[in-house]
Every structure is written in C-alpha cells, then in structure tokens.
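# Per-entry structural report
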Amino acid sequence: MGSGSSAAAPPKKVEKPPAEESNEQKCDPRLPYPNFRELFTLKNYWKTVRRNEKDCGKTMLAKYLKQNPDNKSKYAKLKNVNVDTLDSATSDPGFEAVAAAYLKVFDDVITTVEEKPADVSDACSRLNSVGKMHRTKVSGMDGAQFQAMEEPFLHMVSEILQDRYNEKAENLFRKFYQFCLKYLLEGGKPQKVSGQAVIVFACVSVKVFDDVITTVEEKPADVSDACSRLNSVGKMHRTKVSGMDGAQFQAMEEPFLHMVSEILQDRYNEKAENLFRKFYQFCLKYLLEVFSECSAQLLLSTHINASYGNVYKHHCTADGINNDLTSTTDQELNVENEKLLFFVVASWNPKQAILC
C-alpha cells in the first residue's frame with residue numbers, strides 16, 4: 001500500500017463567546033429617570049394605586065378641591081358636591097367621574113411608558129392632548145391649575161403607600177409629576193399665529209374683494225356671479241368659523257377703507273372713500289344674506305318631481321303651508337323677503353332640497 005502524506009487539516013476557528021450584553025432597558029432621555037431601575041420601581045409602587053384606583057382618584061381630587069375651592073366652578077359635574085365634606089368615601093356620580101378621569105391620565109402615561117420606555121412620544125402626545133382639551137373646554141383653565149395638583153397627587157400616593165412612602169418614593173413620584181406637568185403645559189399653551197399665517201389670511205380676505213371686482217368688471221350688467229361668490233363666503237364663515245356672525249363682517253368695513261386709504265395715499269379723497277364705502281356695503285349685503293336666512297322665520301322647501309321636472313314651492317307661514325305648482329325647470333322662487341331668494345334648477349334626477 002502506498003503511504004502518501006495527507007495535507008494537514010486547517011485548524012478549527014474557535015469563536016469567542018459574545019460579550020455579555022446588559023439586560024437593562026434604555027430609557028428615553030425625556031424621562032426624568034437616568035436608568036430603567038428607577039422607572040421599574042415607580043411602576044411597582046403604582047400597582048398599589050391601580051388596585052385602589054377609585055379611592056385614589058377621589059382622594060386626589062378631594063385634596064385638590066379643598067386646597068383650591070374656587071376651581072369647583074370650572075367643572076359642571078361638581079355642582080352638587082360640598083367641598084368641605086369631600087373625601088375618598090364621598091359617593092357622587094359627578095365627583096367620581098372627574099376623579100376617575102384625572103387618575104386615568106396618569107395611569108395611561110405610566111402604561112404607555114411601561115410598554116415603550118425607550119420612546120415616550122405617545123405618552124407626551126397623550127399629555128399634550130389633555131392640556132389642549134383643558135385649554136379649549138374648561139373655562140378659565142391655565143397652567144396654574146395643573147401645577148396646583150402636584151401636592152394632591154403626592155398626597156394620594158402617600159395615603160395609599162403608607163409606610164412604603166419614603167423619601168425615595170416621594171422623589172420618584174415628584175419627578176414623574178414634573179414630567180407630566182411639562183407636557184400638559186405644553187399642550188395647554190395657546191397656539192401662536194405665525195407671521196406666514198397672518199399673511200395667508202390677509203391674502204384670502206383681499207382676494208374675496210378682488211374676485212368680486214373682477215367678476216363685476218367682466219359682466220357689469222349681471223352681477224349674479226359676484227353675489228353668489230359673496231354668498232358662498234358668508235356661508236363658509238357661518239359653518240366653519242366658530243361664533244361667526246354678521247357683526248364680524250360689519251366690523252371689517254373701517255379696516256377695509258383704511259387699507260384702501262393707505263395704498264392710495266393722496267388719491268384717497270372724499271369721492272374715492274364714497275365709492276369704496278358703497279362697494280363694501282354691496283359686498284356686505286350678500287355676505288350677510290346667509291345669516292339673515294338662518295334667522296328668518298321662513299322655511300322654503302322644494303320637492304322636485306323626477307318624472308316631470310316640476311317644482312313644488314312650499315311657503316311656510318303662520319297659517320300653514322301653501323303649495324304652488326310650477327311647471328318650469330328653471331324657476332325663481334319669489335318671496336316677500338328678497339333676502340330669501342333662491343334659484344332652483346329642476347332636473348330629471350330625484351332630488352329634495354330644504355333651504356332655510
């Protein structure tokens with residue numbers, strides 16, 4: 001047998017075990033805790049609060065109202081409670097509802113942070129939304145009310161933890177409340193209107209008048225399109241702008257004339273002022289039509305017959321409803337109040353319009 005020498009086998013590569021990774025989770029730097037251990041301890045303390053959430057919520061709110069009795073009037077649900085006798089044993093549906101709602105805010109934040117300690121964006125957004133809701137829904141609410149709730153919050157924790165509430169626990173919960181307070185106040189700040197937003201609003205306002213002048217210039221013998229444009233602007237403001245009524249449009253007359261005078265300078269004389277004042281009054285009339293229509297005690301409804309294109313005109317009066325049948329498909333509905341003038345176009349499709 002031949003004895004050929006065989007090549008030496010390559011040495012096996014010995015893999016070093018990976019360096020032991022830390023099992024400790026990372027905390028979002030927005031949290032007030034330098035390490036996860038402190039957050040973990042806070043969560044364990046909070047479990048006791050969660051098991052007694054109803055009493056805890058009432059304890060916190062009772063302490064807050066006793067320290068700030070004037071704030072009771074900000075909550076309609078608290079109208080039947082006596083601040084002097086409030087405690088965790090108080091049984092009142094409104095008081096219990098408000099107490100539960102406030103405690104739930106903190107519970108939601110801890111739950112959210114517990115799920116994603118490395119990214120607390122959702123918790124911050126939740127606090128922002130609560131702050132914003134209070135600013136818009138609770139009359140007279142500002143940051144001072146949230147700041148005033150810190151001690152009642154800590155009092156509630158101390159009452160439920162009893163002997164476990166030591167300096168360490170107080171420090172953890174105080175840090176937690178300050179974290180919540182930061183984002184509550186952030187959401188509660190009134191939104192500043194940027195310079196760009198002001199420019200956009202100004203441009204939109206001027207464009208309305210520019211559109212009207214352009215339309216009238218094109219068809220001076222028939223200004224129906226201009227009137228419709230003004231009607232649509234009035235309707236948009238009535239439905240989209242909270243608290244908007246005709247007074248706001250009337251209040252814009254002098255600023256409009258001031259704008260014209262500033263740009264015309266020496267050319268702005270009595271004649272120019274008279275022309276632009278008449279123009280504004282024309283615009284105002286059709287801007288306000290939609291507001292007049294909604295407040296009028298007249299209801300017009302048109303029922304369109306799909307087969308014949310007939311328009312039934314219902315004129316609601318104090319005596320009842322008078323039905324007049326017309327056979328035209330492009331009918332001007334004449335009523336005593338010229339501000340309630342509508343053009344109804346009948347088509348072969350079944351439609352029903354109720355105009356008020």
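Residues numbered from 1 in each chain as written. Predicted model: local features only at pLDDT ≥ 70, side-chain atom pairs only at ≥ 80, totals over all residues. Heavy atoms only, no water.

The name recorded for the protein chain in an unreviewed UniProt entry is Globin domain-containing protein, from Toxocara canis.

Glancing now at the overall build of the protein chain. Secondary structure assignment for the protein chain yields 12 helices and 6 strands. In the protein chain, buried positions account for 37% of the 356 residues. In the protein chain, 62% of the contacts between residues at least 6 apart in sequence involve partners at least 24 apart. Within the structure as shown, the protein chain displays about 22800 Å² of accessible surface, and the carbon and sulfur contribution to it stands at 52%. (Helix = DSSP H or I, 4+ residues; strand = E, 2+ residues; numbered from the N terminus. Buried < 20%, exposed > 50% of the residue type's maximum accessible area, 1.4 Å probe, protein only. Contact = heavy atoms within 4.5 Å. Areas by Shrake-Rupley, 256 points an atom, 1.4 Å probe, with all protein chains shown as cover.)

Among the nonpolar cores identified, the biggest contains 53 residues, and Trp46, Phe153, Met156, Phe173, Phe176 and Phe179 are the most heavily contacted of them. Residue assignment for this core shows that the elements contributing at least two residues are helix H1 (36–51), helix H2 (53–67), helix H3 (93–115), helix H4 (121–137), helix H6 (150–161) and helix H7 (167–188). In contact with Phe173, other than residues within four places in its own chain, are Leu42, Tyr45, Trp46, Phe153, Leu154, Val157 and Leu161. By size, the runner-up hydrophobic cluster in this structure holds 21 residues, among which are Val212, Leu257, Val260 and Leu288. (Core = buried A, V, L, I, M, F, W, Y, C linked by side-chain atoms within 4.5 Å.)

All right, on to empty space enclosed by the protein then. Per the counting criterion, the structure on display carries 2 cavities of 30 Å³ or more. Size it by volume and the largest cavity reaches roughly 60 Å³. Together, Leu31, Pro32, Tyr33, Leu39, Leu42, Lys43, Ile110, Val113, Phe176 and Phe179 line the largest cavity. Mapped onto the lining of the largest cavity, the elements with two or more residues apiece are H1, H3 and H7. Of all the elements, H1 adds the most residues to the lining of the largest cavity, at 3 residues. Looking at the lining of the largest cavity residue by residue, the classes come out as 9 nonpolar, no polar and 1 charged. Within this model, the second largest cavity holds a volume of roughly 40 Å³. Surrounding the second largest cavity, Tyr102, Val105, Phe106, Val130, Phe146, Met149, Tyr177 and Leu184 form its lining. Contributing elements (two or more residues each) for the lining of the second largest cavity: H3 and H7. Element by element, the count of residues in the lining of the second largest cavity is highest for H3, at 3 residues. Looking at side-chain class alone, the lining of the second largest cavity contains 8 nonpolar, no polar and no charged residues. (1 Å grid on protein atoms, 1.4 Å probe; cavity = no way out; pocket = protein on both sides within 12 Å on 5 of 7 lines; lining within 4 Å. Points joined across faces, edges and corners; volume = space filled by probe spheres on them. Nonpolar A, V, L, I, M, F, W, Y, C, P; charged D, E, K, R; others polar.)

Counted by the stated rule, this structure contains 19 aromatic pairs. Between Phe36 and Phe40 the ring centres are 6.4 Å apart and the planes differ by 40 degrees, which places this aromatic pair in the tilted class. Placement of both Phe36 and Phe40 in helix H1 is noted, with a separation of 4 residues, approximately one turn of the helix. Owing to a relative accessible area of 12%, Phe36 belongs among the buried residues under this scheme. (Phe/Tyr/Trp six-rings, centres within 6.5 Å; stacked < 30°, edge-to-face > 60°.)

Here we come to the layout of surface pockets. Counted as a void, the second largest pocket has a volume near 290 Å³. Taken together, 15 residues make up the lining of the second largest pocket; nearest its centre are Tyr75, Ala101, Tyr102, Met133 and His134. For the lining of the second largest pocket, the secondary-structure elements that each account for two or more residues are H3 and H4. Taken together, the residues that form the lining of the second largest pocket break down as 10 nonpolar, 1 polar and 4 charged.

Here we take up the packing of H1 against H7. Following both chains from N to C, one finds H1 and H7 inclined at 100 degrees, their axes separated by 10 Å at the closest point. Relative to H7, the element H1 lies roughly perpendicular. Together, Glu38, Thr41, Leu42, Tyr45 and Trp46 of H1 and Lys168, Ala169, Leu172, Phe173, Lys175 and Phe176 of H7 make up the contact between the two elements. (Axes fitted to C-alpha atoms, helices over the stretch in contact; angles between N-to-C directions. Parallel < 35°, antiparallel > 145°, perpendicular 65-115°, else oblique.)

Proximity of charged atoms lets side chains of opposite charge pair with each other. For the structure on display, the rule yields 18 salt bridges. For Glu170, the salt bridge is made with Arg174, and the minimal N-O distance between the two is 3.0 Å. With a gap of 4 residues between them, Glu170 and Arg174 both fall in helix H7, about one helical turn apart. On the accessibility criterion, Arg174 (27% relative accessible area) is partly exposed. Within this structure, Glu150, Glu151, Glu170 and Arg174 form a network of salt bridges that share partners. (Salt bridge = Lys/Arg side-chain N within 4 Å of Asp/Glu carboxyl O.)

This brings us to helix H11 (residues 253–264). Residues separated by three or four positions in an α-helix point in the same direction, a consequence of the helix having 3.6 residues per turn. Its 12 residues give H11 an end-to-end C-alpha distance of 17 Å, which sits within 8% of 16 Å, the value for a rise of 1.5 Å per residue. Glu253, Phe256, Leu257, Val260, Ser261 and Leu264 are the residues of H11 that are buried. The buried residues of H11 all sit within an arc of 135 degrees when viewed along its axis, so they share a single face. Of the residues trailing H11, Gln265 is marked for its positive phi of about 55 degrees. (Expected span 1.5 Å × (residues − 1). Arc of directions from axis to C-beta.)

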